[in-house]
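One-letter residues, chain by chain:
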Amino acid sequence: MFSHITLGIDNFITAEPFYDAIMGALGIGEFMRRDDGKAYGTPTGSKLFIGPAFDGQPMSIGNGSHAAFLAPSHAAVDAFHAAALTHGGSDEGAPGLRPHYHPNYYGAYVRDPEGNKLQAVCHSSRG
């Protein structure tokens with residue numbers, strides 16, 4: 001459904017280990033790196049870019065927006081959440097079922113060190 005998501009990051013020194021940890025927990029690797037940003041995913045598939053805002057202004061978080069990443073299992077959602085909290089993120093919703101979306105919806109919500117809201121979600125009934 002989408003090609004990529006770009007999240008503004010002002011402090012790449014703290015953002016890089018955070019994103020390496022949460023994307024690693026989901027099995028998503030780095031495919032491109034610059035001095036002040038990087039990308040995760042694949043060149044021809046879905047990807048996430050982090051780095052300074054293209055207009056040169058300080059980043060700002062979108063009110064009411066978040067990026068949700070597909071997780072292959074409930075364990076990967078749990079690992080995503082734990083990695084986020086270990087690497088400077090904050091909890092926005094612990095891992096668990098959210099049956100109000102659908103019976104198998106298992107997700108967790110966090111904020112990165114700069115305030116961007118992120119989620120990992122598994123839609124499988126097998127966990």
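Draft legend 1. Summary view of helix α2 (residues 74-86). Here α2 is 13 residues long and its end C-alpha atoms lie 18 Å apart, about the 18 Å a rise of 1.5 Å per residue gives. Where α2 is concerned, the buried positions are His74, Ala76, Val77, Phe80, His81, Ala83 and Ala84. Each element contacted by the buried residues of α2 is listed here: α1 (12-25), β5 (67-70), β6 (90-97), β7 (106-111) and β8 (117-122). In the segment just after α2, Gly88 is the residue with positive phi, at about 95°.

Draft legend 2. Main features of the nonpolar core. Within the largest apolar cluster, 27 residues are counted, with the highest numbers of intra-cluster contacts made by Tyr19, Ile22, Leu48, Ile50, Phe69, Phe80 and Leu118. Among the secondary structure elements, those contributing two or more residues to this core are α1, β4 (47-51), β5, α2, β7 and β8. Element by element, the count of residues in this core is highest for α1, at 7 residues. Leaving out residues up to four positions away in the same chain, Ile50 has contacts with Leu7, Ile9, Phe12, Tyr19, Asp36, Gly37, Lys38 and Tyr40.

Draft legend 3. Here's a closer look at the packing of aromatic side chains. The full count for this structure, using the stated rule, is 3 aromatic pairs. Geometrically, the ring pair formed by Phe18 and Tyr19 is edge-to-face, given 5.0 Å between the ring centres and 80° between the ring planes. Given a relative accessible area of 0%, Tyr19 falls into the buried group. A centroid spacing of 6.4 Å and a plane angle of 70° characterise the contact between Phe31 and Phe49, whose relative ring orientation is edge-to-face. One end of the pair, Phe31, is in strand β2 (residues 30-33); the other, Phe49, is in strand β4, with 18 residues separating them in the sequence.

Each value, and the rule that gives it
- Residues numbered from 1 in each chain as written.
- Predicted model: local features only at pLDDT ≥ 70, side-chain atom pairs only at ≥ 80, totals over all residues.
- Heavy atoms only, no water.
- Helix = DSSP H or I, 4+ residues; strand = E, 2+ residues; numbered from the N terminus.
- Expected span 1.5 Å × (residues − 1).
- Buried < 20%, exposed > 50% of the residue type's maximum accessible area, 1.4 Å probe, protein only.
- Contact = heavy atoms within 4.5 Å.
- Core = buried A, V, L, I, M, F, W, Y, C linked by side-chain atoms within 4.5 Å.
- Phe/Tyr/Trp six-rings, centres within 6.5 Å; stacked < 30°, edge-to-face > 60°.

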